[in-house]
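Structural overview
Residues per chain are reported as follows:
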Amino acid sequence: MATQLFEGKEHASCYQKFRLSPSQEIQDMIFSYLHERLNEPYELAVDVGCGTGQSTKFLAPHFRKVLGTDISEAQIEEANKALKLPNTTFRALPAEQVPVEDASVDLLIACAAVHWFEIGKFLKEVDRILKPRGCLAFFSYLPTMEVHYKDRSEQMCKLIKEVDDHMRKTEHEKVKLVRSSYKEIFDAIPYTDKIRRADMFTKTTMPLADLIGLIQTFSTFQTYLRNEPEKAKDFIKTTEERFLEIMEASSNKTEVEVMWKYVIVLASKPK
Ligand SMILES: C[S@@+](CC[C@H](N)C(=O)[O-])C[C@H]1O[C@@H](n2cnc3c(N)ncnc32)[C@H](O)[C@@H]1O
């Protein structure tokens with residue numbers, strides 16, 4: 001089952017350490033879309049497939065109440081440990097079952113998560129809980145990225161592509177929905193007021209060690225680790241060594257620039 005890819009406690013704690021929060025650009029896009037359709041004050045936001053709460057936290061200041069749900073108990077445990085916000089609660093539940101009243105939600109988000117859900121059932125649940133003119137935002141980073149370092153960008157990008165190609169061999173078929181920039185998911189949304197932006201990039205600077213940590217949060221790496229633990233650990237160690245060699249650096253604290261492509265789908269329920 002796809003969802004079992006996120007059940008491990010070690011995976012959840014790796015998530016908490018290395019997953020990135022949505023960029024300011026994503027946050028601004030979501031809020032400007034919402035502001036154009038619904039007036040403040042906002043009552044309720046839901047983050048479905050919230051993991052350890054990396055996206056849930058940016059919602060908290062804007063809503064009276066925020067609910068984060070995830071099918072993995074381990075992820076919810078980490079979210080509860082990491083985030084102590086008075087208006088935010090987390091529950092371990094499948095996406096297709098959100099424990100809120102009909103027409104009560106101003107904004108529903110799913111970050112790097114919607115492709116794992118049973119999309120038909122999930123969209124019915126979304127339609128039940130959104131207020132008229134309430135909005136949904138599904139967004140995700142694509143698995144391909146660029147890594148830049150001084151004048152070594154070409155070799156760095158070549159290596160990260162090799163990493164992606166290698167891990168692709170164990171990729172779950174649901175990840176294809178991300179690689180196609182959520183086109184199928186966008187088409188399945190039954191609202192006419194909807195947009196999809198698949199041409200967006202975000203840049204982050206991070207120590208090489210964090211990039212290596214981030215790679216280990218990917219579901220494909222977790223599958224590799226489960227199937228061939230020794231090979232997977234060796235692969236990640238060798239990858240770090242190869243990056244350091246290209247960079248002619250001795251410390252994995254040396255910072256690199258990571259560029260991600262991402263997709264965002266926004267839609268609003270009719271009046
Ligand atoms: C790639 S993670 C993203 C987590 C978080 N939103 C983030 O951006 O860091 C995908 C999450 O979806 C959850 N998930 C997968 N299938 C699910 C389902 N059917 N219902 C609810 N959560 C699900 C997983 O447990 C995992 O935490």
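No experiment lies behind these values; they were computed from the predicted model shown.

A word on the overall build of the protein. Check the secondary structure of the protein and you find 11 helices and 7 strands. Against the 2.2 N^0.38 benchmark of 18 Å for 271 residues, the protein shows a C-alpha radius of gyration of 19 Å, consistent with a compact globule. Principal-axis analysis of the C-alpha atoms places the extent of the protein at approximately 60 × 35 × 35 Å. Within the protein, the fraction of its 271 residues that count as buried is 54%. Taking the contacts inside the protein whose residues are at least 6 apart along the sequence as the reference set, 78% of them involve residues at least 24 apart. As presented, the protein carries roughly 13000 Å² of accessible surface, and 50% of it is formed by carbon and sulfur atoms. Taken together, the 38 basic and 41 acidic charged side chains of the protein have centroids lying 2 Å from each other.

The subject of this paragraph is the packing of aromatic side chains. The tally for this structure, following the rule as stated, stands at 9 aromatic pairs. Taken together, the ring pairs connect Phe 31, Tyr 42, Phe 58 and Phe 63 into an aromatic cluster. When the ring centre of Phe 186 is taken as reference, the NZ or CZ atom of Lys 194 above it lies at 4.7 Å.

What follows covers the packing of helix α6 (residues 153-168) against helix α11 (residues 229-247). Between α6 and α11, the shortest axis-to-axis distance is 10 Å and the interhelical angle comes to 170°. Classified by the angle their axes make, α6 and α11 are roughly antiparallel. Contacts from Gln 155, Met 156, Leu 159, Ile 160, Glu 162, Val 163, His 166 and Met 167 of α6 reach α11 at Phe 235, Thr 239, Arg 242, Phe 243, Ile 246 and Met 247.

This paragraph deals with helix α5 (residues 119-129). What α5 keeps buried is the set Phe 122, Leu 123, Glu 125, Val 126 and Ile 129. Each buried residue of α5 sits inside an arc of 160° when the element is viewed along its axis, so together they form one side. Exposed positions of α5 whose direction lies more than 90 degrees from the buried face are Lys 121 and Lys 124.

Bringing the pairing of strand β1 (residues 42-48) into the picture now. With respect to burial, β1 is a largely interior element, 6 of its 7 residues being buried. The pairing of β1 with strand β4 (residues 105-111) spans 3 bridges and is parallel. Looking across to β4, one finds that Ala 45 is bridged to Leu 107.

Moving on: the sheet that holds β4. The 7 strands lie next to each other as β3-β2-β1-β4-β5-β7-β6, forming an open sheet whose pairing is mixed. Only two strands of the sheet have a single neighbouring strand rather than two, namely β3 (88-92) and β6 (194-207). Each strand of the sheet is rotated relative to its neighbour by a mean of 20°, with strand direction disregarded. Of the strand pairs in this sheet, β4 and strand β5 (residues 130-148) are connected by 6 bridges, and their pairing is parallel. Of the residues in β5, the one forming a bridge with Leu 108 is Leu 136.

With that settled, the discussion passes to the nonpolar core. Buried together is how nonpolar side chains tend to be arranged in soluble globular proteins. Core analysis: the biggest nonpolar cluster contains 53 residues, and Leu 211 and Phe 243 have the highest contact counts within it. At 7 residues, the largest contribution of residues to this core is made by α11. Those residues in contact with Phe 243, other than ones at most four positions away along the chain, are Val 147, Met 156, Leu 159, Ile 160, Leu 208, Leu 211 and Ile 212. Among the nonpolar cores identified, the runner-up in size contains 32 residues, and Val 46, Val 100, Leu 108 and Phe 186 belong to it.

In this structure the tally under the stated criterion is 18 salt bridges. Residues Glu 162 and Arg 242 are paired through a salt bridge, measuring 2.9 Å at the closest nitrogen-oxygen approach. Highlighted residues: Glu 162 in helix α6 and Arg 242 in helix α11, separated in sequence by 80 residues. Taking relative accessible area as the criterion, Arg 242 reaches 36% and is therefore assigned partly exposed. Here Arg 179 ties to Glu 171 by a salt bridge, and the two come within 2.7 Å at their closest N and O atoms.

Here we come to the pairing of β5. Of all 19 residues in β5, 14 are buried; the element is thus mostly enclosed. Each parallel crossover has a hand, and for β4 linked through α5 to β5 it is right-handed.

With respect to the helices and strands, Phe 58 occurs in helix α3 (residues 56-59). Phe 58 sits 34 residues away from Gln 24 along the chain, and the two C-alpha atoms are 9.6 Å apart. The residues contacting Phe 58, other than those within four sequence positions of it, are Pro 22, Gln 27, Ile 30, Phe 31 and Ile 109.

What follows deals with the side chain of Asp 70. Topologically, Asp 70 is positioned in strand β2 (residues 63-70). On the basis of relative accessible area, Asp 70 is assigned to the buried category, the value being 9%. There is a polar contact of 2.9 Å between the side chain of Asp 70 and the backbone nitrogen of Ser 72. Not counting residues up to four positions away in its chain, the partners in contact with Asp 70 are Gly 49, Cys 50, Gly 51, Gln 75, Ile 76, Arg 91, Ala 92 and Leu 93.

Basis of the calculations
Residues numbered from 1 in each chain as written. Predicted model: local features only at pLDDT ≥ 70, side-chain atom pairs only at ≥ 80, totals over all residues. Heavy atoms only, no water. Helix = DSSP H or I, 4+ residues; strand = E, 2+ residues; numbered from the N terminus. Rg over C-alpha atoms; globule rule 2.2 N^0.38 Å. Buried < 20%, exposed > 50% of the residue type's maximum accessible area, 1.4 Å probe, protein only. Contact = heavy atoms within 4.5 Å. Areas by Shrake-Rupley, 256 points an atom, 1.4 Å probe, with all protein chains shown as cover. Lys, Arg positive; Asp, Glu negative; His and termini not counted. Charge placed at Lys NZ, Arg CZ, Asp CG, Glu CD. Phe/Tyr/Trp six-rings, centres within 6.5 Å; stacked < 30°, edge-to-face > 60°. Lys NZ or Arg CZ within 6 Å of the ring centre and 35° of its normal. Axes fitted to C-alpha atoms, helices over the stretch in contact; angles between N-to-C directions. Parallel < 35°, antiparallel > 145°, perpendicular 65-115°, else oblique. Arc of directions from axis to C-beta. Pairing = 2+ DSSP bridges. Core = buried A, V, L, I, M, F, W, Y, C linked by side-chain atoms within 4.5 Å. Salt bridge = Lys/Arg side-chain N within 4 Å of Asp/Glu carboxyl O. Right-handed = clockwise from strand over helix to strand, strands pointing away. Polar contact = N/O pair within 3.5 Å; in protein donor to acceptor, adjacent residues only side chain to side chain.

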